[in-house]
Amino acid sequence: MNQKSNKAILDIQDLQMYFPVMRGLLRKKVADVKAVDGVSFQLIRDETLGLVGESGCGKTTIGRCVLGLYKPTGGRILFEGADIASFTEKKLREIRRNMALIFQDPYSSLDPRQSAGSIVGEPLKIHNMTPTKGEYNDRVEELFRVVGLDPSMTDRFPHEFSGGQRQRIGVARALACDPDLIVCDEPISALDVSIQAQIINLLEQLQDSAKELSYLFIAHDLSVVRHISDRVAVMYLGRIVEICKARVLYENPLHPYTRALLSAVPIADPFVEETRERIILKGEVPSPLNPPPGCSFHPRCFMAVGECSEAIPPLRDIGEDHQVACIRV
Amino acid sequence: MVEEQSTSLEFQEVAPRVSEWRRFWRVFLQRKIVLFGLVILGILVLTAIFADFLAPYDPYTGVLTDSLEAPSSQYWLGTDIQGRDTMSRLIFGARTALLVGFVTTGVAAAAGIILGLIAGYFGGVTSMVIMRIMDALMGFPMILLALLISSVLGAGIQNVIIALAVAMLPGYARVMNGLTLSLRENDYILAGRAMGATDMRTMLRHILPNALAPMIVLVTMQLGTLILAEAGLSFLGIGIKPPGAAWGAMVNDGYRYLTYNPVLSFAPGLAIMIVVFAFQLVGDGLRDALDPRLRGLL
Amino acid sequence: MAELLKVSNLVTQFKTESGLVKAVDGVSYYIDEQEIIGLVGESGCGKSVSQLSVMQLISAPGEIVGGEVIFEGQNLLKYDANGPEMRSTRGAKIAMIFQEPMTSLNPVLTIGQQLTEMLELHMKMSGDAARKRAIELMSLVGIPGAENRIDDYPHHFSGGMRQRVMIAMGLSCNPKILIADEPTTALDVTTQAQLLELMKDMVQRFRASLVIVTHNLGVVARYAQRIYIMYAGRIVESGTTKDIFSKPRHPYTIGLLACIPRLDEEEGRKLVPIEGLPPNLINMPPTCAFLPRCAYKVDKCSREPWPPLTAINGNHYISCYANTKEK
């Protein structure tokens, strides 16, 4: 069932984000890349919502829209009740204190010429959170400690840290102003497997100990998303095809794409693998420039019927906090 | 408060910083010839600073009776038509060269960097307008442009500086524009926006410092070109005229007396050549030392 | 099944500005006919370099300094890297597929040209026969409308399609061994699944062996019959897939299995990370490279050099002094 909106920190309503394709000398628009095509969901306070899907599904675009980095083509983004899709850049800057972004690439997300301490403390300076130098230094050191970095390293430069440590710097920076929402955009996919667990645990720990902290966790690795999320939204070509609790996603996936996606992820256990359902899809993900009519998944779907190409299936409730966009379910 | 992470992470070995500087100097001075260039420039700077003490005579007024003397123990490089000591003029010419070089570069670089930064960062119409103007300026051969501006403004050292600065700044703007365009794509710029950084802050604190290294190399190399350009202008009779002591003007002056006393032209000519060469060497060395291997330093 | 390839004590080094990197430090393994083995490890463990060494594709500052690679009765390392023996082995008898389909294919040649080149060179086919075979191969790997696409350029294909072309090229000369180096890391999950299934099917059809080099334990759990786990240039554990996953004995393997999230885990499972950082391969000490991060270490570990691979049960080997069974 839909949660009451005052318990939701983020309420996305019918979000659309189209990128025009320009051709020619005069740069006329010839088509739209429909990166996000009518997406609605809520992020409840203190929960982690996983946004999962393959390339071109629009999950990264949603993350950027939520942070106000793109101006949506249509729809509303209600953050703490206010529609930020209509905010001016100035107003956005004010609320940016309350939300943060963690990036995928620990190498390009830190300014190589800034010391680690300065990187972590920059949000404090921008939003004037620590008026005195003493408070600033204290806060920066505290942030370092919280993410597991030696506070005496604040004057070092990014290239002196390892990949995992740099990602911790990124996390510390995101925490600087004590935000209520952190958008994590593939925060661990660029790290070694043995380091990924360190960062996952760190993120979980931070959420447990914070007064209120919600994560929008964007990733393509289903195993990680399953582990860290409370609820998961599966996306395909700009639309959500299924949203449910993380446990339910694995135990009772309903949308055929979700089922195919799950079966495509190998599990590190040969005995389990022997007995698993194996769904191999035909074809490839179509280009977002030219999505198939009706349900965009129907050409590859093993359950498709004639009606599937006629209309876009709406995301509908089918029971306990479980929504699916499929007419065959 | 969150419990601290296990200490094994906190005291991770992080590379000592000193070695980065040492590596810079090692690469920089790798080729002996760069050291040679550095020495030349050092001599140039010292000469310019201590010109008053080094020059044996007043470079601006001459003893008419001693006009066109050959090199002797009294006048080491001889005198010009007005009886001014060539040696002293050469020494003071160093001051002029450096003054013109540094001030012009300063003005051109400052203006060019700002324009390139704005064009590259904002893109769109702003970029188009700015860069097309830069392209137009670059379409003129530098000397011609400087000539044009000088003839409008008149002679004199300030006008030479203005003319040369205008001629040089499109080059800086171009390079800076390119650098800004590529730096703009980095995630840390997006991170800045995501945390609420203003455009001004992003440009000044994130893009500019990262563009500094290539710009330093460009500036150093252009200094040599600039001195040559100034010499050219003075030689052509625009720019600095006697009694001002400028090497280019000196070459022009002595041109008439080439058969009589070649030193008058050769001495300043040689000085120009050596100094420009030195700047190129140092610029080369800097470029090697600052290359991407050492990205993230300085 | 007979033994197809046997690598013994392979050592490959790189001389860098800061010191010596022993990317592969005494690696031994074997491949039987018609089997699928997995070479598993994180970045820097030496898995890719070891395969490149087998193919003698290592160039300065890297150097193969020791070991043997016995294939079809001959030690491949005895041959000159650019000599006729190696050139006729590469691609024809031992083929390799790489991670980045973008850069593995020549952008200025058509797919047809690249495929037929292989066939003409190694199989001595005529132009027409080669073209026919190329179209057959492309259909076999699932490229629709192969006759029309054979004259397309690489950039006309998607990432998944390009990788299929690579698989076609790899198998075109009926190699005995196909080495796939992180073949699907750059692709979407569903495409990965398609391609891995394809590779398995193809390898069975061509009666070849497959070496999957990857960091993904799930992939080897699904496809490999035997696995080698690598760390810092050495093999630390080896055995059948079922043995290793049901009874992991090396602290690194145990650590890995405890720290990766699983799709089928119970709710609330806590990951147990491996503490510390990946090893710095420059001028490594002679002791076990995993020692700084090991939860099972004993006194012997800091006194003795790297433990040799010892059998603990049939085909199950580990390189460890500690007794991890007791913990």
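Residues numbered from 1 in each chain as written. Chains lettered and ligands numbered in written order. Predicted model: local features only at pLDDT ≥ 70, side-chain atom pairs only at ≥ 80, totals over all residues.

**Side note on the overall build of chain A**
Reasoning step 1: When its secondary structure is counted, chain A shows 10 helices and 12 strands.
Reasoning step 2: On C-alpha atoms alone, chain A measures out to a radius of gyration of 21 Å, which is about the 20 Å that the 2.2 N^0.38 rule sets for 329 residues.
Reasoning step 3: Projected onto the principal axes, the alpha-carbon positions of chain A cover approximately 70 × 55 × 45 Å.
Reasoning step 4: A separation of at least 24 residues holds for 64% of the contacts in chain A among residues at least 6 apart in sequence. (Helix = DSSP H or I, 4+ residues; strand = E, 2+ residues; numbered from the N terminus. Rg over C-alpha atoms; globule rule 2.2 N^0.38 Å. Contact = placed C-beta atoms within 7 Å.)

**Observations regarding the overall build of chain C**
Reasoning step 1: A count of helices and strands for chain C gives 12 helices and 12 strands.
Reasoning step 2: Scaling as 2.2 N^0.38, a compact globule of 327 residues should have a C-alpha radius of gyration of about 20 Å, and chain C matches this with 21 Å.
Reasoning step 3: Considering only C-alpha atoms, chain C reaches an extent of 65 × 50 × 40 Å along its principal axes.
Reasoning step 4: Counting only residues that meet the buried cut, chain C has 48% of its 327 residues in that class.
Reasoning step 5: Across chain C, contacts joining residues at least 24 apart in sequence account for 64% of those joining residues at least 6 apart. (Buried ≥ 20, exposed ≤ 12 C-beta atoms within 10 Å, placed from the backbone.)

**Regarding the environment of Ile119 of chain A**
Residue and element names in this part refer to chain A.
Reasoning step 1: Looking at where Ile119 falls in the secondary structure, it is placed in helix α3 (residues 116-126).
Reasoning step 2: Put simply, Ile119 and Ile218 are 99 residues apart on the chain and 23 Å apart in space, counted from C-alpha to C-alpha.
Reasoning step 3: Not counting residues within four places of it along the chain, the set of residues in contact with Ile119 comprises Leu110, Asp111, Gln114, Ile169 and Arg173.

**What about the interface of chain A and chain B?**
Reasoning step 1: Taken together, the 35 residues of chain A in the interface contact 24 residues of chain B.
Reasoning step 2: Of all the secondary structure elements, the ones that give two or more residues to the side of chain A that touches chain B are β6 (99-102), α3, α4 (133-146) and α6 (193-209) of chain A.
Reasoning step 3: Of the residues belonging to the side of chain A that touches chain B, the class tally is 16 nonpolar, eight polar and 11 charged. (Nonpolar A, V, L, I, M, F, W, Y, C, P; charged D, E, K, R; others polar.)

**Here we look at the sheet that holds strand β3 (residues 48-53) of chain A**
Residue and element names in this part refer to chain A.
Reasoning step 1: The eight strands lie next to each other as β6-β7-β8-β3-β9-β10-β12-β11, forming an open sheet whose pairing is mixed. Of all strands in the sheet, those bounded by a partner on one side alone are β6 and β11 (316-319). Within the sheet, the average angular offset between the axes of one strand and its neighbour, ignoring direction, is 20°.
Reasoning step 2: Note that β6 and strand β7 (residues 181-185) share four bridges and pair parallel. Residue Met99 lies in a different strand from β7, and its bridge partner there is Leu181.
Reasoning step 3: Where helix α1 (residues 59-66) meets the sheet, its contacts fall on β3, β7, β8 (214-219) and β9 (231-236), and the angle it forms with β8 comes to roughly 150°.
Reasoning step 4: Sheet contacts for helix α5 (residues 163-175): β6 and β7; angle to β6, the most-contacted strand, approximately 170°. (Pairing = 2+ DSSP bridges. Axes fitted to C-alpha atoms, helices over the stretch in contact; angles between N-to-C directions.)

**Overview of the interface of chain A and chain C**
Reasoning step 1: Across the contact, 35 residues belong to chain A and 38 residues belong to chain C.
Reasoning step 2: Every element with two or more residues in the side of chain A that touches chain C is listed here: α6, α7 (222-228), α8 (246-251), α9 (256-264) and α10 (270-275) of chain A.
Reasoning step 3: When residues in the side of chain A that touches chain C are grouped by element, the largest group, six residues, is from α6 of chain A.
Reasoning step 4: Broken down by class, the residue content of the side of chain A that touches chain C amounts to 19 nonpolar, nine polar and seven charged.

**Let's talk about the nonpolar core**
Reasoning step 1: Val183, Leu216, Phe217 and Ile240 of chain A together with Leu178, Val211 and Ile212 of chain C are the most contacted members of the largest nonpolar core, which totals 197 residues.
Reasoning step 2: Setting aside anything within four residues of it in sequence, one finds Val211 of chain C in contact with Ile31, Ile37, Leu39, Gln51, Ile177, Ile179 and Ala180 of chain C.
Reasoning step 3: Counting 71 residues, the second largest nonpolar core, distinct from the first, contains Leu77, Val160, Ala165 and Ala289 of chain B. (Core = buried A, V, L, I, M, F, W, Y, C linked by C-beta atoms within 7 Å.)

**Things to note about the sheet that holds strand β8 (residues 209-214) of chain C**
All names here are of chain C.
Reasoning step 1: Pairing is mixed in the open sheet, where eight strands are placed in the order β6-β7-β8-β3-β9-β10-β12-β11. Looking at strand neighbours, the two that pair on one side only are β6 (94-97) and β11 (310-313), the edges of this open sheet. Neighbour-to-neighbour, the strand axes of the sheet open up by a mean angle of 20°, direction not taken into account.
Reasoning step 2: Along the sheet, helix α7 (residues 159-171) contacts β6 and β7 (177-181); its crossing angle with β6, the most-contacted strand, is approximately 170°.

**Here's the deal with the packing of helix α6 (residues 124-139) of chain B against helix α8 (residues 157-183) of chain B**
All names here are of chain B.
Reasoning step 1: Closest axis-to-axis distance for the α6/α8 pair is 9 Å, and the angle between their directions is 135°. Taken together, the axes of α6 and α8 are oblique relative to one another. The hand of the α6/α8 crossing is left-handed. Note on element contacts: α8 touches α6 through Pro170, Ala173, Arg174 and Asn177, opposite Met131, Met134, Leu137 and Met138.
Reasoning step 2: Split by residue class, the contact of α6 with α8 holds six nonpolar, one polar and one charged. (Parallel < 35°, antiparallel > 145°, perpendicular 65-115°, else oblique. Left-handed = near helix turned anticlockwise from the far one by under 90°.)

**Regarding the pairing of β9 of chain A**
Residues and elements named next belong to chain A.
Reasoning step 1: Counting buried residues in β9 gives six out of six residues, a clear majority hidden from the surface.
Reasoning step 2: In β9, alternate side chains face the same way, and those of Arg231, Ala233 and Met235 on one face and Val232, Val234 and Tyr236 on the other are all buried.
Reasoning step 3: Looking at chain direction, β3 and β9 are connected through five bridges and run parallel. In the strand pairing of β9, Leu51 is matched with Ala233.
Reasoning step 4: One ladder, built from six bridges, connects β9 with strand β10 (residues 239-245); its direction is antiparallel.

**Quick word on unusual backbone geometry**
Reasoning step 1: A cis geometry characterises the amide bond from Ala60 of chain C onward to Pro61 of chain C, with omega recorded as 5°.
Reasoning step 2: Along the chain, Pro61 of chain C turns up in the loop between α1 (47-54) and β4 (62-71).
Reasoning step 3: You will see that Asp46 of chain A, though not glycine, has its phi angle at about 70°, which is positive.
Reasoning step 4: As for its placement among the helices and strands, Asp46 of chain A is situated in the loop between β2 (28-44) and β3.
Reasoning step 5: For Asp46 of chain A, a count of 17 C-beta atoms within 10 Å corresponds to the partly exposed category.
Reasoning step 6: The backbone of Glu80 of chain A sits at a positive phi, close to 55°, despite the residue not being glycine.

**Looking at the environment of Glu142 of chain A**
Reasoning step 1: Tracing the sequence through the fold places Glu142 of chain A in helix α4.
Reasoning step 2: A residue is classified by how many C-beta atoms lie within 10 Å of it, and Glu142 of chain A, with 14 of them, is partly exposed.

**A closer look at the confidence of the model for chain C**
Detailed reading of the predicted model is not advised wherever pLDDT is low.
Residues and elements named next belong to chain C.
Reasoning step 1: With 99% of its residues at a pLDDT of 70 or more, chain C has an overall mean of 89.
Reasoning step 2: Ranking the helices and strands of chain C by mean pLDDT puts strand β9 (residues 226-231) first, with 96, and helix α3 (residues 101-104) last, with 77.
Reasoning step 3: For this predicted complex, the interface confidence score (ipTM) comes to 0.86, while the overall pTM stands at 0.85. (pLDDT = per-residue confidence, 0-100.)

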